[in-house]
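Understanding the architecture of this molecule
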Amino acid sequence: MSELKAQLRADMTSAMKAKDKLRLSTLRMLLAAIQNAEVSGTQARELSDTDVVAVLQKEAKKRNESATVYEQNGRGELAANERAEEAIIEEYLPTQLTEAELAEVADTAIAQVAEELGERPGMRQMGQVMKAATALANGRADGSRLSAAVKSRL
């Protein structure tokens, strides 16, 4: 079992003992999402910490999008609940890159692609640069933020 999944289970147990309903329901939802990811596909497998982080990022993004929709429709109490769940999920995610670190990752990725191609990449090679930048960011930056940083550098 991955360390992160074990941490989630241990925290779920402590949330049960503390009778923290929001944390308990959020952690149960996360563990269910991880289990669904493990059994999806043709063969069941154990997720690594990197895979678990990807599942957690996906769940945090869902909460953020739901809260935005609730806020637009004047449902503040539901939006607040989604934001609270998102905050709990983010406790388990790696710290996000700052704008300066994001720019550095984009520059490094562009340099790597330029070395492979023998020339500075343009917008046509954005996919190659994004692939390198995503690997460098290693789950510490949202894809849209990373894309914006790469676009501004190209």
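Check the entry above for the structure.
Residues numbered from 1 in each chain as written. Predicted model: local features only at pLDDT ≥ 70, side-chain atom pairs only at ≥ 80, totals over all residues. Heavy atoms only, no water.

Attention shifts here to the overall build of the protein. Along the protein, the regular secondary structure elements total seven helices and zero strands. Summarising its shape, the C-alpha atoms of the protein cover approximately 60 × 40 × 30 Å along the three principal directions. For the protein, with 154 residues in total, the buried portion stands at 35%. When contacts within the protein are restricted to residue pairs at least 6 apart in sequence, long-range pairs at least 24 apart make up 58% of them. Working note: accessible area of the protein is about 9300 Å², and carbon and sulfur atoms make up 49% of it. Averaging the positions of the 21 positive and the 24 negative side-chain charges in the protein gives two centres separated by 5 Å. (Helix = DSSP H or I, 4+ residues; strand = E, 2+ residues; numbered from the N terminus. Buried < 20%, exposed > 50% of the residue type's maximum accessible area, 1.4 Å probe, protein only. Contact = heavy atoms within 4.5 Å. Areas by Shrake-Rupley, 256 points an atom, 1.4 Å probe, with all protein chains shown as cover. Lys, Arg positive; Asp, Glu negative; His and termini not counted. Charge placed at Lys NZ, Arg CZ, Asp CG, Glu CD.)

With 21 residues, the main nonpolar core has Leu8, Leu56 and Tyr92 as its most contacted residues. Sorting the residues of this core by element identifies helix H1 (3-18), helix H2 (21-39), helix H3 (49-72) and helix H4 (76-90) as the ones contributing at least two each. Ranked by residue count, the leading element in this core is H2, at seven residues. When residues no more than four places from it in sequence are discounted, the contact partners of Tyr92 are Leu4, Gln7, Leu8, Asp11, Arg23, Leu27 and Leu56. (Core = buried A, V, L, I, M, F, W, Y, C linked by side-chain atoms within 4.5 Å.)

Below, the discussion takes up the packing of H2 against H3. Two elements in contact, H2 and H3, have axes whose closest approach is 10 Å; the angle formed by their N-to-C orientations is 125 degrees. Overall, the two elements H2 and H3 adopt an arrangement that is oblique. In this structure, the crossing between H2 and H3 has a hand that is right-handed. In contact with Met29, Leu30, Ala33, Ile34 and Ala37 of H2, H3 contributes Val52, Val55, Leu56, Glu59 and Arg63. Looking at the contact of H2 with H3, its residues break down into eight nonpolar, no polar and two charged. (Axes fitted to C-alpha atoms, helices over the stretch in contact; angles between N-to-C directions. Parallel < 35°, antiparallel > 145°, perpendicular 65-115°, else oblique. Left-handed = near helix turned anticlockwise from the far one by under 90°. Nonpolar A, V, L, I, M, F, W, Y, C, P; charged D, E, K, R; others polar.)

The space that makes up the largest pocket amounts to roughly 510 Å³. If you go around the largest pocket, you meet 22 residues; those closest to its centre are Gln57, Gln96, Gly139, Ala141 and Asp142. Breaking the lining of the largest pocket down by element, the ones donating at least two residues are H3, H4, helix H6 (126-137) and helix H7 (143-153). In terms of residues, the lining of the largest pocket owes the most to one element, H3, which gives seven residues. Counted by class, the lining of the largest pocket contains nine nonpolar, nine polar and four charged residues. Residue-level mapping places the lining of the largest pocket at the junction of two domains, with at least three residues from each of domain 1 (3-91) and domain 2 (99-152). (1 Å grid on protein atoms, 1.4 Å probe; cavity = no way out; pocket = protein on both sides within 12 Å on 5 of 7 lines; lining within 4 Å. Points joined across faces, edges and corners; volume = space filled by probe spheres on them. Domains from an automatic or database assignment.)

By themselves these figures say nothing about function.
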